[in-house]
There are 2 protein chains.
Amino acid sequence: MSKGNPNLMSGVPELVVLRLLARQEMYGYEIARALKLGSRGALDLGEGVLYPALHALEARGLLRARSQPVDGRTRIYYALTARGRRRLERLIENWRHVSAGVELILGATNRE
Amino acid sequence: MSKGNPNLMSGVPELVVLRLLARQEMYGYEIARALKLGSRGALDLGEGVLYPALHALEARGLLRARSQPVDGRTRIYYALTARGRRRLERLIENWRHVSAGVELILGATNRE
DNA sequence: TTGTATACCTCGCTTCACAAGGTATAATGC
DNA sequence: GCATTATACCTTGTGAAGCGAGGTATACAA
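Residues numbered from 1 in each chain as written. Chains lettered and ligands numbered in written order. Predicted model: local features only at pLDDT ≥ 70, side-chain atom pairs only at ≥ 80, totals over all residues.

Turning to the confidence of the model for chain A, a few remarks are in order. All names here are of chain A. For chain A, per-residue confidence averages 88 on the pLDDT scale, and 87% of positions sit at 70 or higher. Per-element confidence in chain A ranges from a low mean pLDDT of 94 for helix 4 (residues 82-107) to a high of 97 for strand 1 (residues 26-27). Note on residues 1-7: pLDDT is under 50 here. Beyond four places in sequence and across chains, it has one contact. (pLDDT = per-residue confidence, 0-100. Helix = DSSP H or I, 4+ residues; strand = E, 2+ residues; numbered from the N terminus. Contact = placed C-beta atoms within 7 Å.)

Shown next, in the form of structure tokens:
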């Protein structure tokens, strides 16, 4: 009920998508490729994750969409809004916090 | 459908719980505290996450449970099985892989 | 006797992430 | 001319997480 409590680690797709779009405007298909390449294959968002995520992000006012036909196909370019930029900062903070926590537990006082 | 395809980043609770239990046998309540302290507050699993997770892990044969009354209260101690140990290794690998991927995207070629 | 710490538990909700499938065009290969 | 691959978008259905809220019970302190 609008408690907005994010899922500890969830939201990685959102985080990385926003991060890419903070660099430059991109369209969906391009984002998918950039994500896979840029993460050396570690992050491979299927379209069933990516497109719904983009729509949700736009509906929440974190992205602005701009439709543009190219070579007969339609591309939808997305760009960060100011709110999106703030959201990204918070997500990055949260990522650092949690992943540092995980590293602490993983590294904890033993060796095998 | 038993595709067993894990959720990219999900399974952090499972990862850290198994990691703690790789060090030593612990009971639920203790795990919750150790997790919070050991991660400097970053990881704070509610009991609604922790206990069901422990039961699931036990049902999957990754943990062995041992019930022991202490001071009139009942503690249930959990320990890693061999399968649990193997599972932990895989989860750690996966964590390293994905979190490195996220870092690549976060760090990517720009500055603002 | 009221509260706090210990110690376990379950139910129900929501949000995710995902696979699978669908539409359509352009370019490439045979 | 025909099939396949790449580009580019989309939705539906499912399952599993993770989480809050709430519930039981004992011990100890105020």
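Let's pick the thread back up.
The next thing to look at is the relation of the copies chain A and chain B. The pair of chain copies shares a relation made of a rotation about an axis and a shift along it. Superposing chain A onto chain B takes a rotation of 180° plus a shift of 0.0 Å along the axis, which leaves an RMSD of 0.0 Å. Look at the turn and shift together and you get a two-fold axis relating the two. When the interface residues of chain A are mapped onto chain B, 100% of them again lie at the interface, so the same face is used by both copies. (Least-squares fit on C-alpha atoms with pLDDT ≥ 70 in both.)

A few words on the environment of Ser39 of chain B. Within the secondary structure layout, Ser39 of chain B lies in the loop between helix 2 (28-38) and helix 3 (47-59). A count of 21 C-beta atoms within 10 Å places Ser39 of chain B in the buried class. Apart from the residues within four sequence positions on either side, Ser39 of chain B is in contact with Gly101, Leu104 and Ile105 of chain A. (Buried ≥ 20, exposed ≤ 12 C-beta atoms within 10 Å, placed from the backbone.)

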